[in-house]
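Residue-level structural notes
Okay, here's what each chain looks like letter by letter:
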Amino acid sequence: MPITEKANCRPEMVAAYADGQLGASEALEVERHLKTCPNCDAVHRSQRALSAAIGDPALYYKAPASLHQRLAATLGPDQSAKAITSVALRARRPLMWRNLALASSAAFVIVITTAIATRFNQTAPQEQALHDVIQSHVRSLMVNHLADVPSTDQHTVKPWFNGKLDFSPPVKDLAADGFPLVGGRIDVIEDRPVAALIYRRHAHFINLFIWLSTDAPGAGVTTSRRGYNVIHWNHSGMTHWAVSDLNHGELEQFVDLLRTSS
């Protein structure tokens, strides 16, 4: 189907072209369309920038060298050594036993993951959410796409989410306190659409991610990862994640303002 007319714009074809997934004839068709359609050309440039950002080695987390020590502390030195040795021996068995070895190895990984999550009191979903919010924060800065609705007016940003999410995120005006609103956008965390509100503190941007949650209300939990400070809390049936390279004290001040103005 031709895509040269605006009514027939197909962003998915443009995204596939940016990723090099189209045949020669389809690629030529998209190239002709990009020359005449500013909207699709913007989609193409954004997709290329996103691909470059995702390929940045800084976005990937390398397991620390202390992992073996943690496993030993969790399972006990003898148990840990026997389990790892057992997996290695099964990997060298004949082909007829390979499937069984892989299944056993997978079960071993599940046990290890569960033990570590329990020991360090951090569930797998929390770790995944932490990874996603930091990655989304970094991506929004690298591809220069902070907001779908750039505005400092909370009465402009809040209604923009209507019909785009199954909840209405609270949007606070904190300009008088030194944290002006920049805008809002839809993002994806843990494979779900969420609200992302962007605030600014001098030259630092804060991404505030909000989505529905059944978790009980609780005080903020603060952590740091890869140079970014993150504060997570639950309130009024929603979970909130604030992430920034802003110093810890000022990020806590921002969160306190949000919570006291609720």
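Here, every reference points to the structure presented above.
Here we summarise the structure given alongside this text. Please read these numbers as outputs of a predicted model, since none were measured by experiment.

1. Overview of the side chain of His137
- Looking at the element boundaries, His137 is found in helix 7 (residues 124-142).
- Other than its neighbours up to four places away in sequence, His137 contacts Phe205, Asn207, Phe209, Tyr228, Val243, Ser244 and Asp245.

2. Let's talk about the pattern of salt bridges
- Within this structure, the stated rule accounts for five salt bridges.
- One salt bridge connects Asp187 with Arg185, and the closest N-O pair in it is separated by 3.0 Å. Across the pair, exposure class does not vary: Asp187 and Arg185 are buried alike.
- Each member of the salt-bridge network shares a partner with another, and the members are Arg139, Arg185 and Asp187.

3. Side note on the pairing of strand 2 (residues 181-189)
- Bridge analysis of strand 1 (residues 149-150) against strand 2 gives two bridges, and the strand direction is antiparallel. Across the sheet, the residue bridging to Pro150 is Gly183, located in strand 2.
- Pairing between strand 2 and strand 3 (residues 192-201): eight bridges, direction antiparallel. Across the sheet, the residue bridging to Ile189 is Arg192, located in strand 3.
- Here strand 2 hands over to strand 3 after two residues, with Glu190 in that stretch at a positive phi of 50°.

Quick notes on the rules
Residues numbered from 1 in each chain as written. Predicted model: local features only at pLDDT ≥ 70, side-chain atom pairs only at ≥ 80, totals over all residues. Heavy atoms only, no water. Helix = DSSP H or I, 4+ residues; strand = E, 2+ residues; numbered from the N terminus. Contact = heavy atoms within 4.5 Å. Salt bridge = Lys/Arg side-chain N within 4 Å of Asp/Glu carboxyl O. Buried < 20%, exposed > 50% of the residue type's maximum accessible area, 1.4 Å probe, protein only. Pairing = 2+ DSSP bridges.

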